[in-house]
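Remarks on the overall topology
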Amino acid sequence: MSDSSPLPPVRLRSEAELARDALATPLLSRAARLARWAGPETRVGADGELVDEQLPAAAAALGLTGEGAAGGTSGTAAGTATGGVVEGVTAEDAAALASEAWRVAVDTGLVEIVDPDEEEGSAVTPGDALALLTSGAPHDVLGVWLAALEAALADASVPELDGLVDAMESGGKIDFSELDWDPDAEAEFLDGVLGNLYLLTVSEDGPGYGPVPLPALAASMIVPDDMGEPTNDVLEQVSDAMMRLDDQFRVLEPVGLVEYQPVDEALMTDAEENATAGDTAGAGSGPVVDDTDVTRYGMVRLTPLGLYGMRARLQEAGLVAPAVGDLADKGADVLLDGTADYPPGAALAETEQWLARHEPLPAARELLAAARGADQGAPLRRLRCQQALSLVGAAAEPALREVLDDAELGGLARVWLTERGAAEVPAPSEEMVFWLTIDTVAAQLAAEGNSAELRGLVEGLAQQHRGFFDAAWRVGHPATADVLEAMGRIHPDKRVAKEARKAAFKARSQKGE
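Residues numbered from 1 in each chain as written. Predicted model: local features only at pLDDT ≥ 70, side-chain atom pairs only at ≥ 80, totals over all residues. Heavy atoms only, no water.

1. Things to note about the overall build of the protein chain
Looking only at helices and strands, the protein chain has 24 helices and five strands in total. Out of the 513 residues belonging to the protein chain, those deemed buried represent 41%. For the protein chain, the accessible area works out to roughly 26,300 Å², and carbon and sulfur atoms hold 51% of it. (Helix = DSSP H or I, 4+ residues; strand = E, 2+ residues; numbered from the N terminus. Buried < 20%, exposed > 50% of the residue type's maximum accessible area, 1.4 Å probe, protein only. Areas by Shrake-Rupley, 256 points an atom, 1.4 Å probe, with all protein chains shown as cover.)

2. Remarks on the nonpolar core
The nonpolar side chains of a soluble globular protein tend to be buried, and buried together. In this structure, Leu110, Tyr198, Phe249, Leu252, Leu257 and Val258 are the most contacted members of the largest nonpolar core, which totals 78 residues. At ten residues, the largest contribution of residues to this core is made by helix 7 (residues 138–156). Setting aside anything within four residues of it in sequence, one finds Leu110 in contact with Leu28, Ala31, Ala32, Ala35, Ala105, Pro126, Gly127, Ala129, Leu130, Leu133 and Val144. Listed in part, the 29 residues of the second largest apolar core include Leu368, Ala396, Leu404 and Trp416. (Core = buried A, V, L, I, M, F, W, Y, C linked by side-chain atoms within 4.5 Å. Contact = heavy atoms within 4.5 Å.)

3. Side note on the environment of Pro26
Summarising the element assignment, Pro26 is placed in helix 2 (residues 26–37). Look at Pro26 and you get buried, because its relative accessible area is 10%.

4. A few points about the sheet that holds strand 4 (residues 258–261)
Spatial strand order, 3-5-4: three strands in an open sheet with antiparallel pairing. Strand pairing shows two members of the sheet lacking a second neighbour, strand 3 (212–213) and strand 4, which therefore form its edges. With two bridges connecting them, strand 3 and strand 5 (residues 299–302) associate as antiparallel partners. Counted as the bridge partner of Val212 is Val300 from strand 5. Relative to strand 5, helix 9 (residues 183–202) is tilted by about 75 degrees, and along the sheet it contacts strand 3, strand 4 and strand 5. (Pairing = 2+ DSSP bridges. Axes fitted to C-alpha atoms, helices over the stretch in contact; angles between N-to-C directions.)

5. Quick look at empty space enclosed by the protein
Following the criterion strictly, the structure yields one cavity of 30 Å³ or more and no others. Lining the largest cavity, in full, are Pro379, Arg382, Leu383, Gln386, Glu408, Leu412, Leu436, Asp439, Thr440 and Ala443. Mapped onto the lining of the largest cavity, the elements with two or more residues apiece are helix 17 (378–389) and helix 20 (430–448). Each residue belonging to the lining of the largest cavity can be placed in one class, and the counts come to five nonpolar, two polar and three charged. (1 Å grid on protein atoms, 1.4 Å probe; cavity = no way out; pocket = protein on both sides within 12 Å on 5 of 7 lines; lining within 4 Å. Points joined across faces, edges and corners; volume = space filled by probe spheres on them. Nonpolar A, V, L, I, M, F, W, Y, C, P; charged D, E, K, R; others polar.)

6. Looking at the packing of aromatic side chains
This structure, assessed with the given rule, holds three aromatic pairs. Taken together, a centroid distance of 5.5 Å and an interplanar angle of 45 degrees make the contact between Phe249 and Tyr260 tilted. Of this pair, Phe249 sits in helix 11 (residues 232–252) while Tyr260 is found in strand 4, placing the two residues eleven residues apart along the sequence. When the centroid spacing of 5.3 Å and the interplanar angle of 80 degrees are considered together, the rings of Phe468 and Phe469 count as edge-to-face. Of the two residues, Phe468 and Phe469, neither departs from the other in class, the shared state being buried. These aromatic residues form a ring-pair network of at least three members: Phe434, Phe468 and Phe469. Its end group placed over the ring of Phe189, Arg244 keeps NZ or CZ at 4.3 Å from the ring centre. (Phe/Tyr/Trp six-rings, centres within 6.5 Å; stacked < 30°, edge-to-face > 60°. Lys NZ or Arg CZ within 6 Å of the ring centre and 35° of its normal.)

7. Observations regarding unusual backbone geometry
Backbone geometry at Glu424 places phi at a positive 55 degrees, although glycine is not the residue there. With respect to the element layout, Glu424 can be found in the loop between helix 19 (410–419) and helix 20.

8. Points about helix 1 (residues 15–24)
Where helix 1 is concerned, the buried positions are Leu18, Ala19 and Ala22. Each buried residue of helix 1 lies within a common arc of 105 degrees when the element is viewed along its axis, so the set occupies one face. In the core, the buried residues of helix 1 are packed alongside helix 2, helix 7 and helix 13 (304–316). (Arc of directions from axis to C-beta.)

9. A look at the side chain of Arg384
As for its placement among the helices and strands, Arg384 is situated in helix 17. Buried and unpaired, Arg384 has no salt bridge, with Asp341 as the nearest side chain of opposite charge at 6.9 Å. There is a polar contact of 3.3 Å between the side chain of Arg384 and the backbone oxygen of Ala340. A polar side-chain atom of Arg384 sits 3.0 Å from a polar atom in the side chain of Gln387. In this structure Arg384 touches Leu336, Thr339, Ala340, Tyr342 and Ala347, once residues within four positions along its chain are discounted. (Lys, Arg positive; Asp, Glu negative; His and termini not counted. Salt bridge = Lys/Arg side-chain N within 4 Å of Asp/Glu carboxyl O. Polar contact = N/O pair within 3.5 Å; in protein donor to acceptor, adjacent residues only side chain to side chain.)

By themselves these figures say nothing about function.
Quick look at the structure:
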């Protein structure tokens, strides 16, 4: 994603709602409970970690009994519970969850590690962030959660290091080449996946807030855009990426970034059986399963809290990531310019919020004043103004009548009044009709490019007005030549397209270009 092109605006919940969501996330709530549990007797290691002897007590404080069946995994119950006793968790997993929560408590400032002196060793005190969770403003709570998110992302970028001991060099450093792990590349890959997930969520032609199949996310990072049928090598890379993401999203779910349906473990079992038997995929000796069901390959979506967190991270990285409502307290000029590149639905939502803060008549006057201009962005401003005025009731009528004689605004004012059945609306001059037509096509070009809707408009103009191009090139609109050239590109009829190009040449000659 470019750091200069704005992303589509995201619709966020209020900070109060998001703060409540943040406090309920398993990871942050556990970290807060341990911060309140810790006291003068809490012992930590050199890096601030809880010593092994403290982990059972910490796990108990979190309600993790450690009494599950041997050989179990942390599982969904251990990964999502926020209060009460969690059963069915092994002692090993309970200790791991407690250790993870403690690291987050340290990283977020919920606890602080101080070193009084060498004899007494490190001591634990409540951090300033702990008070913010109970008495801070919603924005303060979200700040603590963002710190927890960064800690979780760092953990998610670390693979299973079963070979860590074997990869240690004699000097005690990790040999990353033996681990086949590049920490920077791993973090960059995860950032890219989450960025694509964010973009899919906020794009109006994407799945919106619905879940995204894990294979699609993995492919978005691996398969080149111009590749037709992926090669076997590329498909293998996508499969490997899916397995990495499966592990990573399991780590990120407890912090509240995503809701995740993991990859069906039966798929891996089937694949192993088929590989052993030398059969094709899905022909294992076990029960027949539907390997065409995409949900079995993992489904993920950003939560409302996750959208907030991703937007904050994207902004910190220097990208323009607007949110619906950002312009609600700005002037009409900022609104019209700011929504120029918004998708239709987001532009409508932003405009509705802006209008909700303004009285109809003053709002209409401010919008009309902001729509004036002969610059390149003016046609699109006037289109956004027209769309905004369509949401304003009859109270705005005096503002529209005030601009009936305005060369730039008189046409759209007549359209607004006529659509509402207003009386005594003067007929527009031919010059005004052509000017408004050029202005409208210029705005559509700026908003959508050569869209099917614009092609239909262009074909309709040429068909309804037989002498359109003979008159259009004389229109004194700054965009006349550009619009006629575009009509020549868009119109499917070669004869009509040629007429449009000739008219564009005349328009440029008239301006001395």
